[in-house]
Amino acid sequence: MLSLIKLPRVFTINQVPKVFHEDGIISGYRHPCSSATDCILSLFQLTNETLNIWTHFLPTWYFLWKLVTVLLIQRAWQDSFTWPLLIFLLSCCIYPLASSCAHTFSTMSARARHICFFFDYGALSFYSLGSAIVYSAYVFPDKWVNSLYHQCFIPIAVLNTIVCTTMACYSRFPECQRPKFSKYLRVVAFAYPYLFDNISLFYRVFLCVGEGCTDNDTNILHFYHISLAFLTGFLFATHLPERLAPGSFDYIGHSHQLFHVCGILGTHFQMKAMEQDMMLRRSWLLEHSLPITFANSVGAALFCVVLNLVIIILYSLPLLSGSVCKEKKDKIVPKKSSAKVSRHS
């Protein structure tokens, strides 16, 4: 049956415009003017994006199951103490889903590519805020609870989320003329809020000694998450291993696939740590920590969702009325056609 199915052609790097190029990836590119149907069909053939899509689409359902579990079993809306966990789990559902959709439909056009990844960046910055909210509620070491830093933590995290989305979206505009600058800007856009969100966790796991350090069994889960998060950032920034052997990892094993896998595993351990800290520290936190209110949990999340959507719209408007990427020589757009694929495609 597979031999009779017609799937979209794939192309080499020299056959697609520069805006679609990926470092170290030579082949497996989809048509840069694919239809929505072609994009969906490409999920079932091997391209350089196939595993990028599935490594985030499938985990979405796992995190959605966890979210539904919290809603139904823990009755989250009746217990404000679980609101931060609920927001975090929602962000864990949104960011891999947004990523898989962005990778799926990013080859419909150059404009569509940019707009798809604007939503991807907005989802990632929302995940950063979800992490900050849940850290503020459950993770802060005992001696930092109710400190001035703790009181300012959520407002600063909200600001960081807006800055992150703004920088990441802007980074797509100089991508053709200054690709390295664009890459550095994007790395900074996501590294900065992550590092800020995790200051309390780094202190708790690596530096704090003695009374008030919250040294419990959850720390090993936090360590796993931190290790995977740094590996995720390393893969995103370095483009290894394909940078060492261009063309050898076009379909399986390139950095973005590994980046997705490590990111999801890191999020899994992060979620487990949050659940465990919430249960182990509940009584003490309810007595000593800042009260969890609508404003510092659900309200902050909704505020950032609205502002992120506004930022995405503002960055999308110029793309709908102007040139996406001015290129002198790169005007190649391959003819659109389908080809029969064998059982081994």
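From a predicted model like this one, the values you see are computed outputs, not experimental measurements.

**Student:** Can you lay out the packing of aromatic side chains for me, pointing to particular residues and giving the numbers?
**Tutor:** Inspection of every chain in the model, using the stated rule, returns 27 aromatic pairs. With centroids separated by 5.8 Å and ring planes inclined at 35 degrees, the aromatic side chains of Phe173 and Tyr315 adopt a geometry described as tilted. Note that Phe173 is positioned in the loop between α5 (148-170) and α6 (179-197) and Tyr315 in helix α10 (residues 298-321), a separation of 142 residues in sequence. The class for Phe173 is partly exposed, based on a relative accessible area of 28%.

**Student:** Give me the lowdown on the nonpolar core, citing residues and values where you can.
**Tutor:** Within the largest apolar cluster, 63 residues are counted, with the highest numbers of intra-cluster contacts made by Phe88, Tyr138 and Met274. Counting residues per element, this core draws most heavily on helix α4 (residues 110-138), at 15 residues. Discounting chain neighbours no more than four positions away, the residues touching Met274 are Leu85, Phe88, Val134, Tyr135, Tyr138, Val139 and His222. In this structure, Phe11, Val16, Val19 and Cys176 belong to the second largest nonpolar core, which totals 8 residues.

**Student:** Go over the side chain of Ser128, please, and point to the residues and values.
**Tutor:** Within the element layout of this structure, Ser128 appears in helix α4. Look at Ser128 and you get buried, because its relative accessible area is 11%. Contact partners of Ser128, with chain neighbours within four places excluded, come to Pro193 and Asp197.

**Student:** Could you give an account of the confidence of the model for the protein chain, with specific residues and numbers?
**Tutor:** In this model, the protein chain carries a mean pLDDT of 91, and residues with pLDDT of at least 70 account for 91%. In this model residues 338-345 is a low-confidence stretch, pLDDT under 50, and it forms 13 contacts with partners more than four residues away in sequence or in other chains.

Definitions and limits used
Residue indices begin from 1 for each chain and proceed along its sequence in written order. Two thresholds apply to this predicted model, a pLDDT of at least 70 for residue-level local features and 80 or more for giving and counting side-chain atom pairs, whereas whole-chain, interface and lining totals are computed over all residues. Hydrogens and water molecules were not included; the side-chain quantities draw on all heavy atoms of the structure. Ring pairs shown here join Phe, Tyr and Trp side chains whose ring centres sit within 6.5 Å, with only the six-membered ring taken for Trp; geometry is labelled stacked below 30 degrees between planes, edge-to-face above 60, and tilted in between. Segments assigned H or I by DSSP are reported as helices when at least four residues long, segments assigned E as strands when at least two residues long, and all are numbered from the N terminus. Categorising residues by exposure relies on relative accessible area from a 1.4 Å probe, with only protein chains included: less than 20% of the type maximum marks a residue as buried, more than 50% marks it as exposed, and the intermediate range marks it as partly exposed. Buried Ala, Val, Leu, Ile, Met, Phe, Trp, Tyr and Cys residues form a nonpolar core when they are joined through side-chain atoms within 4.5 Å. The contact rule is simple, with two residues in contact once any of their heavy atoms fall within 4.5 Å. Every residue is assigned a pLDDT by the predictor, reflecting its confidence on a scale from 0 to 100.

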